[in-house]
Amino acid sequence: MGKDRQGRGIKKGRCVASDFSVMAGIASLFWHVLFPVACPICGRAGSTGCLGCIKGVLSPSGPVCIECLNCYPCDRHTLAFPHYFGAAHKGPARQLIHLLKYGHHGALGISMGRALAACLSFPLPDALVPIPLHNESPRFFNQSEKIAQGLSLELGVPVMNCLSWNVRIHPRALTKSYARSKLPEGAFKLDECRLKAGIRTVMICDDVCTTGATILGAAETLAKGGLQVLGSASFTLAKGKK
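The sections below set out a description of the structure shown in this document. (Residues numbered from 1 in each chain as written. Predicted model: local features only at pLDDT ≥ 70, side-chain atom pairs only at ≥ 80, totals over all residues. Heavy atoms only, no water.)

1. Description of the nonpolar core
Among the nonpolar cores identified, the biggest contains 32 residues, and Met160, Leu163, Phe188, Val202, Ile204 and Leu222 are the most heavily contacted of them. Secondary-structure elements contributing two or more residues to this core are β3 (64-65), β5 (127-130), β6 (163-165), β7 (188-190), β8 (201-209), α7 (213-224) and β9 (228-237). Here this core gets five residues from one element, more than from any other, and that element is α7. Leu163 has contacts with Val129, Pro132, Phe188, Lys189, Leu190, Ala218, Thr221 and Leu222, leaving out every residue within four places of it along the chain. (Core = buried A, V, L, I, M, F, W, Y, C linked by side-chain atoms within 4.5 Å. Buried < 20%, exposed > 50% of the residue type's maximum accessible area, 1.4 Å probe, protein only. Helix = DSSP H or I, 4+ residues; strand = E, 2+ residues; numbered from the N terminus. Contact = heavy atoms within 4.5 Å.)

So this is what it looks like as structure tokens:
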């Protein structure tokens, strides 16, 4: 060990900061072995998606009219409800949607929903109603429900799975936007056995909104069941042809 000008000891070799860096790396690796997941944005081991990272991906610009997807309130559709979204369906936000849906990262959807909660600005509903999976979907979980669960954690509003598809329909992601707007009448059915007591107002939750047709079809079914739809929300907005 040498000495500096004031006679203090100077440790040769690696500095203490480097030692801490090595230990932090070992700890991170150990954590990753225990929990083999990582934030898709920053790479943090043990995190399915950091809330702060996901919030950084969002770029909310206010609600749109669910009928035409233009600014809300809308002069053309005065009775339409607002649709809230976290970001345009492109870039990192689109990649998160694909990772959730096709990468089978269900827990990521909960973090996405928690981040999306900051984009909402209307009176809280009594329940959140996710768009259901298609009857023949190969997925092990409903991505819209995962996002709704994240919203539920932040808003303190329960999730109510009371909708199901009433018709066979091709997965919406595989159809062109103009075809998506032609949702068959009565496409959804309401499972009255799953309605919770005291629920009068709801918000519809989806992963992606393209034309609004799916959400409008769900809203029609809910309204026939006596429920008032205050609004809807999706993680991204693709805004296809109406």
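There's more to say after this.
2. A short note on the side chain of His83
Take His83: it is sitting in strand β4 (residues 82-88). A polar contact is formed between the side chain of His83 and the side chain of Ser232, at a distance of 2.7 Å. Beyond its immediate chain neighbours, meaning those up to four positions away, His83 contacts Pro63, Val64, Ile66, Cys209, Ile215, Ser232, Ala233, Ser234 and Leu237. (Polar contact = N/O pair within 3.5 Å; in protein donor to acceptor, adjacent residues only side chain to side chain.)

3. Topic: unusual backbone geometry
Residues other than glycine predominantly adopt negative phi, and peptide bonds predominantly adopt the trans conformation. Here Tyr72 and Pro73 are connected by a cis peptide whose omega angle stands at 0°. A positive phi angle, close to 65°, is found at Leu69, a residue other than glycine. Relative to the helices and strands, Leu69 is located in the loop between β3 and β4.

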